[in-house]
Each structure stands twice: as structure tokens, then as C-alpha cells.
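Chains, contacts and geometry: an overview
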Number of protein chains: 2
Amino acid sequence: MVKVAIVGYGNLGRGVELAVKQTPDMEVMGVFTRRSPETVKTLGAAVFRMDELINYQLEIDVCILCGGSATDLPEQTPEITHHFNTVDSFDTHAKIPEHFAKVDAVAREHQKVSVISTGWDPGLFSLNRLYAQSILPQGQTNTFWGKGVSQGHSDALRRINGVADATQYTIPNTEVIEKLKAGETLELTTRDKHFRECFVVLEAGVDAEKIREEIVSMPNYFADYDTEVHFISQEELNQNHKAMPHGGTVLHTGVTNGETKQAIEYNLYLGSNPEFTASVLVAYARACVKLAAEQKFGAYTVFDIAPKYLSPKDVATLRRELL
Amino acid sequence: MVKVAIVGYGNLGRGVELAVKQTPDMEVMGVFTRRSPETVKTLGAAVFRMDELINYQLEIDVCILCGGSATDLPEQTPEITHHFNTVDSFDTHAKIPEHFAKVDAVAREHQKVSVISTGWDPGLFSLNRLYAQSILPQGQTNTFWGKGVSQGHSDALRRINGVADATQYTIPNTEVIEKLKAGETLELTTRDKHFRECFVVLEAGVDAEKIREEIVSMPNYFADYDTEVHFISQEELNQNHKAMPHGGTVLHTGVTNGETKQAIEYNLYLGSNPEFTASVLVAYARACVKLAAEQKFGAYTVFDIAPKYLSPKDVATLRRELL
């Protein structure tokens, strides 16, 4: 059995605990947290203090790092890769090359394997962009996200003075997707591809119109989109807008022989974003441990890993059953 | 530049010639044929007699084998892999393990790389079955083909006494696909998943009703399906039913946390089946040559090849642009 340590226990860490339960070949050794262990309620996994991690090198095959990309992972992944094989979901696209270089150096020096930036985007969506563009070089790739909750945009709403709580949905323009699939060539702006819908709970006595204006004009987050804002009660938000669905589409449309239309479409429909992301992390944790067993040390992304490494089945069985 | 030999020049071989033209890093060295070279009309590639192939070992990096799975490839792939790196689209699912073993032995002995059974099914669809099942082990995978022309079923129609020509379309049951995507769990029979539609040209004086009966009751090909038969003229068949569109869907529906619904869907919409299949072969021919350069000799399927090998771009560029 592959023994997994879960480092950090929010929604993603809990998703990893759930995902490991579904595998025939992996088990959770424990959860490691910066909080007081007795305050962390898992689904059964033992909880340890983060500073104890180093004492369990013999009991752990791979650490799945479930912290955030803003401050946790840039520090944690290189640090923990000194002592363990690691998997993370670092998703600050612009900083991936830097993160990769840092982790790769540590992994090679300390004979570890680290799979960085996995999940669904970066991750499965990246894979589909790569396969599609390699197969149909004369073509155009578009990625659409949603319908789903964007944590980053929800957080941006909650940082506004006068907003008590909020949930933001990213909504893809399905009309545009259908036109592309029908073979139309479109010049698409940011505004054409997605809408944004916000459900906002106001603090008492706040001017709703002022808040709406502040939201729709917020640079980077909302100014470039058509944004709809609904003011609702905390009760309604709690009841209808606290789930974490997400998903999206990678659509590559191309031509062969100058004008023969060909299209490749990859869709995800996710009831829970963190539980799905966690499931991807767990499959790549299996790959990570296999690569370490083959002494192929260093940092990896989804681009570097042959698909067979993700499966609990041996490759002869895969050829027989799935090819 | 990677130098490609095209072995066999039917629709697939012609598709390979077209696909190589779209790449920045590959070129066609020539076409090798069992026909008289002067009777083969290419899009510009030089044509050679098949028995000359052996004389061009220094001019060829990889042979893309464009023969059929019934009789050509079981012989050709092992034979040609004695002297060349090879890529084939062997698609007799039940015989893949045997084909793999035979080609692998030759490739290892003669220090060559052979990528077998690539294309879209087996190939890209197989990849999607593997990724999806590895990520959501508690789930169900269904593959749907079409709407598109099945050469095998069209050939079966043409073998019937009294049939002059015919085209058969495989049509997926989109209602079933939508139900699965909505999270329903269905027990599906062969009849539930696909319909078959036949456009048939009769020879003069043939009893149409007798032919229709013979078609819809034909074991393996039509008996297990709801099959519609249309009798049309050769002119109408030539005008409307000689294109080779195809496509299909791999749909994996699963759960996390016992009941949270998650779905992964991969769709292909292909204006030309042979041109698309050829585009996949060409991307894997690039991978084949890279693997040979790394001296990783042996037989491979799509399961064994890290995605980065398919791209003409280096992996640092891929991380920056596509991850």
C-alpha cells in the first residue's frame, strides 16, 4: 500500500482523504496541520502537528500538499521535497516556471520526485491543450471555465467594505462554444467568453447601488466582464450558494487538408471542485511513488508523466482492457 | 527535420502526407507502395516500390504504416521494425496484446522504437478511458461512436449478393448520453447505445425487401442494433455519402464522497476520419523519433508515452504556454 500524508486540511485535504479511500492501493498515514491537532476533525485519519512531519520519513511514501498557491506552496513544496516525494496543485500560472526550477533542484539533489501544478487547470486541461495542439497544429484552442464557483472572485467580493459574505459564479458563453464547434472562426475578447454572476450579502445600512458599482468596475476581477450582481440574505446564500461546483471546456478546432473541419472537446462537470481536484492529486501521487521507485528523480508536471503511471493496474492489463 | 516514410498510400497514407505538411519539424521522404509507383498519385511526395524501402535506412527516421489491420499490419509492423522505427494504427482490439509482444521483441532486439495501435480508438479514446478511470475509480465509462461512417459495416453491406454499393453510418444515442451526463445510472445494452443507418444501392432486379431482411438480421454487424435501411441510386450515394466523417464520445461518470457527481467527457467531431487518424499518427511519429534518440527501444502504446513527446515545442515552452 502506498502511504500518503496529507499536508494541510481544508476542503482540498478533506477531498484527498476521501479520494484515497476509493483506491485499492493507497492509504492515508495521517494529516499534518499548523493548527492544534485536536481542533482538526478528519474523516478518520490521524492528525499530527506540522513540525512532527520530519519524524515520519519511514512511514510516508508521498506527501500531498493541500495548501494555497499564494503563500503556502512556494515555501512548502521545496522545503518538504528535501525529505519526501511530493505532489502539489500550485496554480499561479505565471510563476510555474520559477516554482518548477526551484522544486526540481531540490528533488534532484535529495533524490525525490515532486509532481507540481496538477489538478484540472493546471492539470487535465493543460494535457488536453497539449494533445490537441500537437495533433491539429493548424487550429485554435479555447478554454472556458464554469459554470462554477471561483474562490478567487468570491474572496475579492468579500474584501469589499460593506460586504458580509458572497459567492461568485463564472459562467461560460455556451453560444460562443457552439459557434466554435460548428466551425466558425471567431476573434474573442475576454467579455465574449464568460459572464460573472455574484450573490452578495450586505452588512446592515450599506448602499447597495454603491457596492454594485464597486463590483462591476473592479479591475482584473470584474471590469472586463458582463457582471450580474444579486443582493440576498445570509440564509439564502448559506442554503443555495455554499456548494463548490465547477467545470469547464477545452475546445480545439482545427483543419486538415486546408478546409476539413476537425474538433476536439474536453468537458468537466464537477459536483465538487475540491473533491475532484483532490482525486487528480491522488492519481498523480500514485505516479509520483512509481517514478521514485524507478529512481527517476526530479520535478514533473502532467506533461512529463506517461498515462500508465496514474493507474493502479499494470500496463499489460491496461492494454487488454482499455486500449 | 524528421524524415517520414509513408508505407501504403490509401486514404490514411494520403492523410499522413497532408498532416506532415502542417508540422514545422517533419517532412515526407517518400511513399512506399506495393502497386506500380507510376500509378500512385500523391500530393507531391516521391513514390517508391515497397521492396526498395530497405535501401533508404539512412534517409528515413520513422515509417508510418498505413496498411490495414486484418492482413497488412500483423506482418508489416514486425518486419519493418527490424530496420526502422515504426508507427501503426493496428486496431483489432482482441489481438493487440499479441501484436504488442511480437513488435516489442523485434524492436528491443534491433534497437528500434515502435508505437502501435495509435489513432483515436484505439488511441485518444483509450487515453481518456485511462485518465478518467484513474482519477475517478468509483465510476462508469461508456464509449460512443459516431455519427460517422464505419468502413467495416459499409464493407459488410457491399459483400451482400445484390448490393452494388453502400455506406453505413453509426449513430450514437444522444438521449442516453444526456441521461448519463445528468448523473443517471443506466444498464445499457448494445441496442441502447447506437443506431445504424444504411444507404444501399441495389443491383438491377434485386428484391429490396429480401436485402433489407438480410441486413437487419446480419449477426455481429446489425442484428443487435436498431437498423434503418434506405435504398438510393448510385448517383445519390456518390453525391451525399462518400465523405468520411466520424467522431464519438468517451463519457466517464463517477462520484466522490459517496454521492457527489463528477463527469469527464471527451468528444471528437471529425470532418474526415482518415485525415484525423493520420494527424494522430504523425504526432506519435514525432514521439517515436524522440524516444529512439533517447535510446528507449521497444514497443509503445499511447499509455507509455509522456504527453510532452508529442509536441514540436520543448517542455520548458510547454510549461510556460500551456500548463
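Residues numbered from 1 in each chain as written. Chains lettered and ligands numbered in written order. Predicted model: local features only at pLDDT ≥ 70, side-chain atom pairs only at ≥ 80, totals over all residues. Heavy atoms only, no water.

The cut-off we apply is this: UniProt positions are given in the numbering used here, feature names are shortened, and annotations may be inferred rather than shown by experiment.
Per an unreviewed UniProt entry, chain A carries the name Meso-diaminopimelate D-dehydrogenase and comes from Enterococcus lemanii. Its UniProt record gives chain A the following Pathway (unreviewed entry) comment, quoted word for word: "Amino-acid biosynthesis; L-lysine biosynthesis via DAP pathway; DL-2,6-diaminopimelate from (S)-tetrahydrodipicolinate: step 1/1."

Focus: the interface of chain B and chain A
Rules: Contacts were defined at the residue level, with two residues in contact if any of their heavy atoms lie within 4.5 Å. Put simply, buried area is how much 1.4 Å-probe accessible surface two parts lose in total, over both of them, once they are put together. Here a salt bridge means any side-chain nitrogen of Lys or Arg lying within 4 Å of a carboxyl oxygen belonging to Asp or Glu. Counted as a polar contact is a pair of N or O atoms within 3.5 Å, where, for protein atoms, one must be capable of donating a hydrogen and the other of accepting one, and residues adjacent in sequence contribute only when both atoms are in side chains. Counting from the N terminus, the helices are DSSP H or I runs at least four residues long and the strands are E runs at least two residues long. Throughout this entry, Asp, Glu, Lys and Arg are counted as charged residues, while Ala, Val, Leu, Ile, Met, Phe, Trp, Tyr, Cys and Pro are counted as nonpolar. The remaining residues, Gly among them, count as polar. Strands are labelled as partners when DSSP assigns at least two bridges between them.
The partner chain A presents 64 residues to the 63 residues of chain B that form the contact. Interface area, chain B with chain A, both sides summed: about 5,600 Å², of which 61% is carbon and sulfur. Where chain B touches chain A, the interface holds 2 salt bridges. Where chain B packs against chain A, one counts 34 residue pairs in polar contact (both at pLDDT 80 or more). Counting residues per element, the ones that place at least two in the side of chain B that touches chain A are helix H1 (11–21), helix H3 (96–109), helix H4 (124–135), strand S12 (246–256), strand S13 (260–270), helix H10 (273–293) and helix H11 (315–321) of chain B. Per-element accounting of the side of chain B that touches chain A gives the leading share, 11 residues, to S13(B). Here the side of chain B that touches chain A is built from residues that sort into 33 nonpolar, 18 polar and 12 charged. Where strand S13 (residues 260–270) of chain A and S13(B) come together, 9 bridges link them in antiparallel fashion. Opposite A:Ile264, over in S13(B), you have B:Leu268 as the bridge partner.

Thoughts on the side chain of A:Thr253
All names here are of chain A. Spelled out, the test is: A simple rule labels every residue: compare its accessible area, found with a 1.4 Å probe on the protein chains alone, to the largest value its type can have, and call it buried under 20%, exposed over 50%, or partly exposed in between.
For Thr253, the location among the structural elements is in strand S12 (residues 246–256). A relative accessible area of 14% places Thr253 in the buried class. With residues up to four places along the chain from it excluded, the contact list for Thr253 reads Gly139, Gln140, Leu180, Gln262 and Ala263.

Structural notes on the sheet that holds strand S14 (residues 298–300) of chain A
Residues and elements named next belong to chain A. For the record, the criterion: Fitting a line to C-alpha atoms yields each axis, with helices limited to the stretch in contact; the angle taken between N-to-C directions then spans 0 to 180 degrees.
Sheet architecture is open: 7 strands sit in the order S3-S2-S1-S4-S5-S6-S14, paired in parallel fashion. Looking at the sheet topology across the chains shown, the edges are occupied by strand S3 (47–49) and S14. In this sheet, strand S6 (residues 113–115) lies alongside strand S5 (residues 86–87) in parallel orientation, the contact comprising 2 bridges. Within S6, the position partnered with Val87 by the bridge is Val115. Contacting strand S1 (2–7), strand S4 (62–65), S5 and S6, helix H2 (residues 72–81) crosses the sheet at an angle of about 175° to S4. Its contacts with the sheet put helix H10 (residues 273–293) on S1, strand S2 (26–33), S4, S5, S6 and S14, and the angle it makes with S4 is roughly 150°.

Overview of the sheet that holds strand S11 (residues 226–231) of chain B
Residue and element names in this part refer to chain B. With respect to topology, 4 strands assemble into an open sheet ordered S8-S9-S10-S11, the strand pairing being mixed. Pairing within the sheet leaves two strands with one partner each, and these edge strands are strand S8 (148–149) and S11. Those strands touched by helix H5 (residues 151–158) are S8, strand S9 (163–172) and strand S10 (194–202), and its axis lies near 145° from that of S9.

Section: the state of the cysteines
The test is simple: The rule for a disulfide is simple: a pair of cysteine sulfur atoms within 2.5 Å.
Scanning all chains against the criterion turns up 0 disulfides over all chains. Residue A:Cys288 stays outside any disulfide, its sulfur separated by 9.4 Å from that of A:Cys63, the closest cysteine.

Some details on the relation of the copies chain B and chain A
Applicable threshold: Superposition of the copies used a least-squares fit over C-alpha atoms from residues whose pLDDT is at least 70 in both.
For the pair chain B and chain A, the relating rotation is 180°, the translation along its axis is 0.0 Å, and the fit reaches an RMSD of 0.0 Å. With respect to symmetry, the two chain copies, as superposed, fit the operation of a two-fold axis. Residues of chain B ranked by C-alpha distance from the rotation axis are headed by B:Ala306, positioned 1.9 Å from it. By residue overlap, the copies meet face to face through one surface: 100% of the interface positions of chain B are interface positions in chain A.

A few points about empty space enclosed by the protein
The following threshold applies: Here a cavity means grid points, on a 1 Å grid over the protein atoms only, where a 1.4 Å probe fits yet cannot get out; a pocket means an open set of points with protein on both sides within 12 Å along at least five of seven lines; lining residues are those with an atom within 4 Å of a point. Grid points are joined across faces, edges and corners, and a volume is the space filled by probe spheres set on the points.
Under the counting rule described, the total for this entry stands at 3 cavities of 30 Å³ or more. The space that makes up the largest cavity amounts to roughly 90 Å³. Every residue lining the largest cavity is listed: A:Leu124, A:Leu127, A:Asn128, A:Tyr131, A:Tyr266, B:Leu124, B:Leu127, B:Asn128, B:Tyr131 and B:Tyr266. Taken together, the elements giving at least two residues each to the lining of the largest cavity come down to helix H4 (124–135) of chain A together with H4 of chain B. Looking at the lining of the largest cavity, its residues break down into 8 nonpolar, 2 polar and no charged. In this structure, the second largest cavity occupies an estimated 40 Å³ of space. What lines the second largest cavity is A:Ser134, A:Ile135, A:Pro137, B:Ala19, B:Thr23, B:Ser279, B:Val282 and B:Ala283. Elements represented by at least two residues in the lining of the second largest cavity include exactly H4 of chain A together with H10 of chain B. A total of 3 residues in the lining of the second largest cavity trace back to one element, the largest contributor, which is H10(B). Split into classes, the residues belonging to the lining of the second largest cavity amount to 5 nonpolar, 3 polar and no charged.

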